[in-house]
Structures are given as C-alpha cells and as structure tokens.
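Residues per chain, in single letters:
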Amino acid sequence: MIAVFVKKLTREEKDGITRSLGELRFSPFFLDTKAATLLVTEEKLPLEKLTGEKLVERVVETGTPYQLVHRAFRPEGTEFTVGRTEIGRENLTVIAGPCAVESEEQIFRTAEEVSRRGAHLLRGGAYKPRTSPYSFQGMGEKALALLARARELFDLPVVTEATSPENAAIVAQYADVVQIGARNMQNFELLKAVGKLGKPVLLKRGMSATVEDLLMAAEYILSLGNFRVILCERGIRSIERLTRNTLDLTAIPLIKELSHLPVIVDPSHGTGLREKVIPMARSAVACGADGVMVEVHPDPDRALSDGPQSLSFEGFRRLINELSVIGVLVGKELTRASKIPETYEQEKGVSQEDEVTVAFLGSAGSFSSQVARRAFGKNAHPLSSSHFREVFKSVSTGNADYGVVPLENTITGSIHANYDLLLEYSGIYVVGERFVRVSQHLGVFPGTRHENMQILFAHPQGFAQCGRFLENSEGVKVLNVGNTEEAARRAAEFGKGAGCISSEEAIIRHRLELLEEEIEDNPRNFTRFIILSRFFTPSPDDDKVSCFFTVANLPGSLFSVLKIFAEREVNLLKLESRPQPGKPWEYLFYVDWEGNLVEERFRLMVNELERSTSFFRVLGSFRNLWKKE
Ligand code: PEP
Ligand code: MN
C-alpha cells in the first residue's frame with residue numbers, strides 16, 4: 001500500500017506515525033519525493049486512524065508485493081528524458097552499440113554510424129561480466145572515457161553496465177544511464193547503490209528471474225527515490241538449445257499491465273543469433289515495447305565478445321527502417337524531428353535544446369497535434385490553428401518554426417487544399433513526413449447508448465472513414481465539425497444523447513465514455529502528414545524528394561519528363577496532377593521520387609528536369625519513413 005501525503009512530513013510527524021504503527025506491529029517505510037512524503041508498506045494499514053484523513057492525499061492499494069513500480073501508482077505511465085531523448089509512453093527508443101568497447105576506432109565508428117541512422121543512445125560495456133575468467137573482461141575506466149568522448153562527438157547519451165557497488169559510482173560519473181546486467185539483477189547491494197546515485201537505470205531481467213522478481217528488483221531502486229528506471233527483457237533460460245536464450249515477449253504486455261515503467265527488449269542477448277535479431281525486434285515493437293537495445297559492431301566476426309549476435313552496420317540500417325514502419329502501426333514514434341536546420345540555428349542563434357513552436361490544425365487531441373508532439377517531443381510549443389492556410393501563414397511569417405499538415409489518407413485520398421497551399425507559399429519547404437494510423441472511436445456523453453444516441457459530431461473525414469458504422473446508426477442526426485478534437489468537445493457540451501467519432505485521446509480528454517473502439521471501415525487507415533519549415537538544408541541521408549512541375553500542352557510532353565526518371569533508374573513514389581490555379585484545363589504535377597539533392601547523379605537529373613519543364617520547383621527532401629526493403 002502507498003499513502004501519498006499532502007506535503008513533506010516533518011521528522012516529528014514521521015516519528016509519531018512510526019510509533020503508532022509500531023504498536024500495531026507495522027514498520028512503515030517513508031520516502032520523500034520533491035513534492036510530498038510517501039509511506040510504503042507491504043500490507044494494508046489502518047492509516048486514517050493514525051494521521052487524520054487531512055494529511056493523506058491518496059492511498060494506492062496495489063494488492064501485490066511491489067508497490068512503487070505498480071501501474072496503479074502512475075496509471076498514465078512513466079516518461080523521462082535522457083539527453084534530448086524521451087523514453088516511455090509514445091516514444092520508441094533505440095539503444096545500439098557494441099557488446100564491449102574494444103578500441104577508440106571501434107566505438108567511434110559505431111557511434112557515428114548508429115547516430116546517423118537514428119539510434120537514441122549508445123551502448124558499450126566497460127566492465128564485462130563474462131562466464132569465463134579467461135574471456136575479455138572489458139577495458140574498465142578507459143572504456144568509460146571513450147564512451148564519454150563518443151557522446152560529445154556524436155551527440156548520443158551513453159548506457160553502460162556497473163557490475164559492483166564500487167564501480168557503480170565510477171560508471172555514474174561517465175554514463176547517462178547505468179545498466180544492471182542480467183547476472184546482477186538480484187545483487188541487492190548494487191541495486192541500492194544505483195538507487196542512491198540518482199542516474200537513470202537500465203535494469204535487465206535475470207536469466208532465471210520471473211517478471212515479479214524483476215519488478216521487485218526495480219522496487220529497490222524506486223524505494224531510494226530513483227524513479228527513472230527502464231526495464232529490459234533479454235531472454236530467459238529454457239529447454240531450447242538452438243538459441244542462446246528464449247526471448248519472453250509475453251513479459252512485455254504483462255509488465256505493461258503491472259507496471260508504469262518503460263520496458264525495452266534486447267533481442268541480441270535474447271536470441272544470441274544475428275539473423276534472428278531483426279524479426280524479434282520487430283515483434284517487440286509490435287507487442288508494445290518502448291524500445292529495443294541491440295548490439296552493433298563494425299566487424300561482427302572479429303568482435304571480442306558477442307560477435308555472433310551483433311548486427312553489422314547494414315543490419316542496423318535495416319532494423320531502423322523496419323522499426324519505423326512498425327512503430328506507426330502501434331502509435332509509437334521512432335525518430336525525433338529532423339534536426340533544426342543549421343541556417344535556422346545561425347539566424348536565430350538557438351541551440352537544439354531550445355523550444356520550437358509548431359503550428360497545426362485543431363487543438364490538443366487532434367491527429368495533427370499528436371504528430372507534432374511525436375515529431376518534436378513534449379517540449380514543442382503548440383500553436384493551434386483553425387484552418388490549413390493559417391498553418392502555412394504562421395510558418396511563412398516566422399510565428400511558427402514548423403507546421404504540420406496532412407497530405408493524404410490511404411482511404412480517402414489526397415487532401416488537395418494542402419497541395420494548393422504548398423504551391424502558393426513558395427517560401428515554405430517540406431522537411432519531413434510522419435505517418436499516423438488513424439483509428440476512429442465512438443465516444444458518447446456518459447450514460448448514452450448507441451440505440452438512444454440523437455446526435456453525432458465528426459470531422460467529414462471521420463464520417464467518410466466510418467461508412468458501415470453510420471449505416472447502423474439510422475435516425476441519428478450527423479453534424480460536421482472542423483476537426484477530430486472539436487467533435488469530442490461538442491459532444492461533451494451537448495450532453496446526454498450526444499456522440500462523436502474521434503480519437504481516443506480527445507474522447508478521454510473531454511471525459512466522454514469510450515463506447516465502441518476502432519469503428520473505421522478499414523483498419524489499414526493511415527494519414528501521411530508533412531512537416532513544413534521556412535528553412536531547408538538538403539542532406540545526403542535524405543531519400544525522398546518532392547517537387548512540382550508543369551509541361552507544355554503538347555503530345556508526349558509528360559512522357560518526356562517521366563523518361564528522365566526512367567533513364568536514370570530513379571523510382572517515382574507518387575505522381576499526382578492538380579488543376580493550375582487560374583488556368584482552366586491546364587495541369588500541374590506533384591511528384592515524389594526516391595533520392596536526395598546532394599549526390600551528383602541526382603543534381604544532374606534535377607538540372608535536366610529544370611530544362612525540360614515549363615515550371616519546376618523543389619519542395620524539399622527528407623527521410624522516407626514508409627520505406628519497404
Ligand atoms: C550486455 O548487455 O552487454 C549484457 C551483458 O547483457 P546481459 O546482462 O543481459 O547478459
Ligand atoms: Mn553482450
């Protein structure tokens with residue numbers, strides 16, 4: 001049981017409670033957090049009798065041996081920041097690096113590569129707990145210094161393992177996250193030591209530990225006031241001999257139900273086999289993990305430890321591509337926004353840590369706001385707008401640093417207004433894209449049933465995507481509103497008899513009842529959003545380019561432009577025609593193609609396109625997040 005007091009208790013108040021509980025043979029455990037004192041016990045206490053109810057803000061009954069790690073203590077889940085990376089909730093975190101730091105060249109090359117490909121944290125062992133005393137034991141403090149240098153050079157926070165209470169203090173001086181390895185999960189002196197250090201902890205499940213053992217081990221760390229703990233499933237011992245361990249993915253939904261802590265999966269130790277790492281990482285994300293930790297080595301076959309399970313750089317690139325696609329399906333965002341372009345930093349003198357303003361349609365709870373938050377993190381300052389033109393205007397005047405607008409939906413097609421605005425606002429570039437799986441839900445004013453619903457609020461896209469549901473809602477008056485969030489707000493204002501088609505987030509925010517989930521006709525319902533900016537720096541890592549062009553109204557003119565792509569073997573991802581504003585029956589083409597604007601062969605192609613069209617404009621280039629290998 002946890003009692004949360006309304007304030008921090010004084011020594012005398014605590015002594016008083018301890019004395020009265022002592023008479024009843026209870027021994028209370030007190031924990032002071034920043035805001036208040038917590039009293040934690042294994043059993044249920046008759047607390048009201050002891051303190052008077054006014055001192056206690058809330059009581060959490062967990063009914064389990066673990067208390068502070070229990071989900072009931074923080075039903076919304078735990079999220080915290082390491083460096084610039086947010087861990088938990090909607091974020092998908094990738095930790096990558098070698099099993100052990102072996103040399104400066106090895107760790108720097110790996111750090112550079114995994115950072116470029118989108119890892120959020122760098123791993124690398126300095127103190128290695130090896131089964132054999134004759135195996136490589138790690139480079140110790142020398143490795144820690146190299147990791148710290150790699151952090152500065154490649155902008156990656158560092159995770160590394162502490163194997164004893166003594167080296168925990170040294171590790172914490174260098175690392176951003178202290179890892180407790182599987183073999184030490186129940187080394188209680190070590191758990192207490194890292195609990196006191198106050199650094200985030202990555203706690204790996206012991207190879208013979210149950211999920212409850214893992215949660216109890218985490219409880220040690222939380223009980224010392226350190227709530228920044230990431231749990232890690234890394235495989236358990238089973239009868240199977242063809243894999244190094246048996247990766248227990250059931251642990252993920254189980255832990256998600258029982259605990260508020262973020263949980264990641266290590267498919268490298270979980271399988272011991274390089275070619276099994278990517279499929280298991282995909283499965284981990286699909287079943288709800290908050291991230292993965294993988295071993296990556298520049299030359300896996302020559303690694304001093306765990307080479308057979310280490311990914312090559314090429315393997316890591318594939319892993320990132322695949323996880324970005326799966327993340328979208330389960331509502332988790334893999335990559336943070338494209339970094340703030342250099343030109344922007346120079347002009348405004350801002351650093352990457354500064355808050356950015358992001359304009360989008362609707363208010364908090366709309367799909368656009370979800371994209372803005374996932375792409376830019378929770379520190380982004382939201383600027384809600386009432387129509388798309390306002391988003392473009394805010395970006396072009398500098399009121400917003402970025403804008404987020406939808407461009408197309410897999411069921412209802414293109415959102416033409418935004419193509420036209422892209423053409424009109426010539427100083428705005430497309431610097432990124434994001435996909436969102438759109439799930440529509442029926443929210444109702446509490447007490448309302450489907451049968452007695454009188455009025456239903458939704459955005460026209462919501463109605464368009466839920467045709468079958470509407471067929472079963474005869475007699476209900478339907479009302480179009482401007483966005484998803486407004487639908488929920490209007491239903492809440494209307495009162496009994498009102499329903500809305502909206503997002504889960506907006507339904508909960510407006511205290512409506514979530515009556516029917518996923519009512520859309522087709523669950524393969526995705527919207528592609530683009531990210532707009534006034535500044536644009538092409539990068540060789542981009543692999544998708546968007547542009548507009550027009551051609552003369554003559555036989556074969558479109559063919560002659562498409563031929564340029566074909567001859568250079570450049571893949572077209574999308575081609576769409578739009579009527580030219582003010583020129584009836586003349587058309588403009590919007591095209592997305594695979595490539596970038598830095599490599600010479602693409603630059604030459606763009607020159608040729610400019611020569612062969614009557615109008616040509618590059619809208620931007622970015623990384624394609626929906627890429628299939
Ligand atoms: C590691 O991550 O390098 C490691 C030793 O893992 P585990 O503790 O899970 O065996
Ligand atoms: Mn290893």
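Refer to the structure presented above.
A. Highlighting the pairing of strand 16 (residues 381-385). Relative to strand 16, strand 15 (residues 357-361) is paired through five bridges, and the arrangement is parallel. Note that in strand 16 the partner of Val 358 across the bridge is Pro 382.

B. Here's a closer look at the coordination of the manganese ion (ligand 2). Here the manganese ion (ligand 2) is held by the protein donor atoms Cys 99 (SG), His 269 (NE2), Glu 295 (OE) and Asp 306 (OD), which lie 2.0 to 2.4 Å from it. By relative accessible area, His 269 is classed as buried at 8%.

C. Looking closely at the packing of aromatic side chains. Taken as a whole and judged by the stated rule, the model has 12 aromatic pairs. Plain terms: the ring middles of Phe 548 and Tyr 590 are 5.6 Å apart, the flat faces sit at 75° to each other, and that makes the pair edge-to-face. Taken together, the positions of Phe 548 in strand 26 (residues 544-550) and Tyr 590 in strand 28 (residues 583-594) put the pair 42 residues apart, joining distant regions of the chain. An aromatic cluster of at least three residues, connected via ring pairs, comprises Tyr 419, Phe 548 and Tyr 590.

D. Molecular detail of the sheet that holds strand 1 (residues 2-5). Spatial ordering of the open sheet is given by 2-3-1-4, a layout of four strands whose pairing is antiparallel. Every other strand in the sheet has two partners, leaving strand 2 (29-32) and strand 4 (56-60) as the edge strands with one partner each. Within the sheet, the average angular offset between the axes of one strand and its neighbour, ignoring direction, is 20°. Bridge analysis of strand 2 against strand 3 (residues 37-40) gives four bridges, and the strand direction is antiparallel. From the neighbouring strand, Phe 30 faces strand 3, where its bridge partner is Leu 39. Set on the sheet, helix 1 (residues 11-23) makes contact with strand 1, strand 2 and strand 3; between it and strand 2 the angle comes to about 160°.

E. Structural context of the sheet that holds strand 29 (residues 615-622). The sheet built from four strands is open, its strands ordered 27-28-26-29 with antiparallel pairing. Two strands in the sheet have a free side with no partner beyond their single neighbour: strand 27 (572-580) and strand 29. The sheet shows a mean angle of 15° between the axes of neighbouring strands, direction not considered. Sheet analysis places strand 26 next to strand 29, joined by seven bridges and oriented antiparallel. By the bridge assignment for strand 29, Cys 547 is matched with Val 618. Those strands touched by helix 21 (residues 600-612) are strand 28 and strand 29, and its axis lies near 170° from that of strand 28.

F. Spotlight on the site of ligand 1. Residues in close proximity to ligand 1 include Arg 123, Lys 128, Glu 161, Gln 179, Gly 181, Ala 182, Arg 183, Lys 204, Arg 234, His 269, Met 293 and Glu 295, which together make up its full environment. Between an oxygen atom of ligand 1 and a main-chain N or O atom of Ala 182, the distance comes to 2.7 Å. Summarising the interface, the protein chains cover 97% of the accessible area of ligand 1, which totals 300 Å² for the free molecule. Within the shell around ligand 1, the residues separate by chemical class into two nonpolar, three polar and seven charged.

G. Geometry of helix 4 (residues 141-154). When the terminal C-alpha atoms of helix 4 are compared, their 20 Å separation across 14 residues agrees well with the 20 Å that a helix rising 1.5 Å per residue should span. Within helix 4, the full set of buried residues consists of Ala 143, Leu 144, Leu 146, Leu 147, Ala 148, Ala 150, Arg 151 and Phe 154. In this structure, the buried side of helix 4 is in contact with helix 3 (104-117), strand 8 (121-123), strand 9 (158-161) and helix 5 (165-174).

H. Focus on the pattern of salt bridges. All told, the structure shown has 46 salt bridges when counted by the stated rule. Here Asp 299 makes a salt bridge to Arg 302, at a shortest N to O gap of 4.0 Å. When its relative accessible area of 64% is taken as the criterion, Arg 302 is described as exposed. In this structure, the salt-bridge partner of Asp 592 is Arg 528, at a minimum N-O distance of 3.1 Å. With Asp 592 in strand 28 and Arg 528 in strand 25 (residues 526-533), the pair connects residues that are 64 residues apart, well separated along the chain. Each member of the pair, Asp 592 as well as Arg 528, is classed as buried. Put simply, Glu 408, Glu 433, Arg 528, Lys 544, Lys 574, Glu 576 and Asp 592 are held in one network by salt bridges that share partners.

I. Looking closely at the layout of surface pockets. Of the pockets and cavities examined, the second largest pocket occupies roughly 1000 Å³. Around the second largest pocket, the lining comprises 33 residues; the ones closest to its centre are Glu 90, Val 330, Gly 331, Arg 374 and Glu 504. For the lining of the second largest pocket, the elements supplying multiple residues, two or more each, are helix 11 (313-329), helix 13 (367-376), strand 19 (429-437) and helix 19 (504-509). Residue composition of the lining of the second largest pocket, by class: eight nonpolar, 10 polar and 15 charged.

J. Up close: the state of the cysteines. Tallying each qualifying case throughout the model produces zero disulfides. With no disulfide of its own, Cys 500 has Cys 466 as its nearest cysteine by sulfur position, at a separation of 11 Å.

K. Summary view of the side chain of Thr 527. With respect to the secondary-structure elements, Thr 527 resides in strand 25. Each residue touching Thr 527, except ones within four places of it in the same chain, is listed here: Pro 406, Glu 408, Asn 409, Arg 434, Phe 435, Val 436 and Val 438.

L. How the structure looks around helix 6 (residues 188-197). Those residues of helix 6 lying buried are Leu 190, Leu 191, Val 194 and Gly 195. Along the axis of helix 6, the buried positions cluster into a sector of 140°, meaning they face one direction only. In this fold, the buried residues of helix 6 make contact with helix 5, strand 10 (177-180), strand 11 (201-204) and helix 7 (211-222). Trailing helix 6 by a residue or two, Gly 198 shows a phi angle of about 80°, which is positive.

M. Highlighting the environment of Ala 172. Tracing the chain through its elements places Ala 172 in helix 5. Residue classification places Ala 172 among the buried residues on the basis of a relative accessible area of 9%. Through-space distance from the C-alpha of Ala 172 to that of Phe 622 is 37 Å; in sequence the pair is 450 residues apart. Filtering out sequence-adjacent residues up to four positions away, Ala 172 remains in contact with Val 178, Leu 197 and Lys 199.

About the cut-offs
Residues numbered from 1 in each chain as written. Chains lettered and ligands numbered in written order. Predicted model: local features only at pLDDT ≥ 70, side-chain atom pairs only at ≥ 80, totals over all residues. Heavy atoms only, no water. Pairing = 2+ DSSP bridges. Helix = DSSP H or I, 4+ residues; strand = E, 2+ residues; numbered from the N terminus. Donors = N, O, S within 2.8 Å, 3.2 Å for Na, K, Ca; no water. Buried < 20%, exposed > 50% of the residue type's maximum accessible area, 1.4 Å probe, protein only. Phe/Tyr/Trp six-rings, centres within 6.5 Å; stacked < 30°, edge-to-face > 60°. Axes fitted to C-alpha atoms, helices over the stretch in contact; angles between N-to-C directions. Contact = heavy atoms within 4.5 Å. Near = heavy atom within 4 Å. Polar contact = N/O pair within 3.5 Å; in protein donor to acceptor, adjacent residues only side chain to side chain. Areas by Shrake-Rupley, 256 points an atom, 1.4 Å probe, with all protein chains shown as cover. Nonpolar A, V, L, I, M, F, W, Y, C, P; charged D, E, K, R; others polar. Expected span 1.5 Å × (residues − 1). Salt bridge = Lys/Arg side-chain N within 4 Å of Asp/Glu carboxyl O. 1 Å grid on protein atoms, 1.4 Å probe; cavity = no way out; pocket = protein on both sides within 12 Å on 5 of 7 lines; lining within 4 Å. Points joined across faces, edges and corners; volume = space filled by probe spheres on them. Disulfide = S-S within 2.5 Å. Arc of directions from axis to C-beta.

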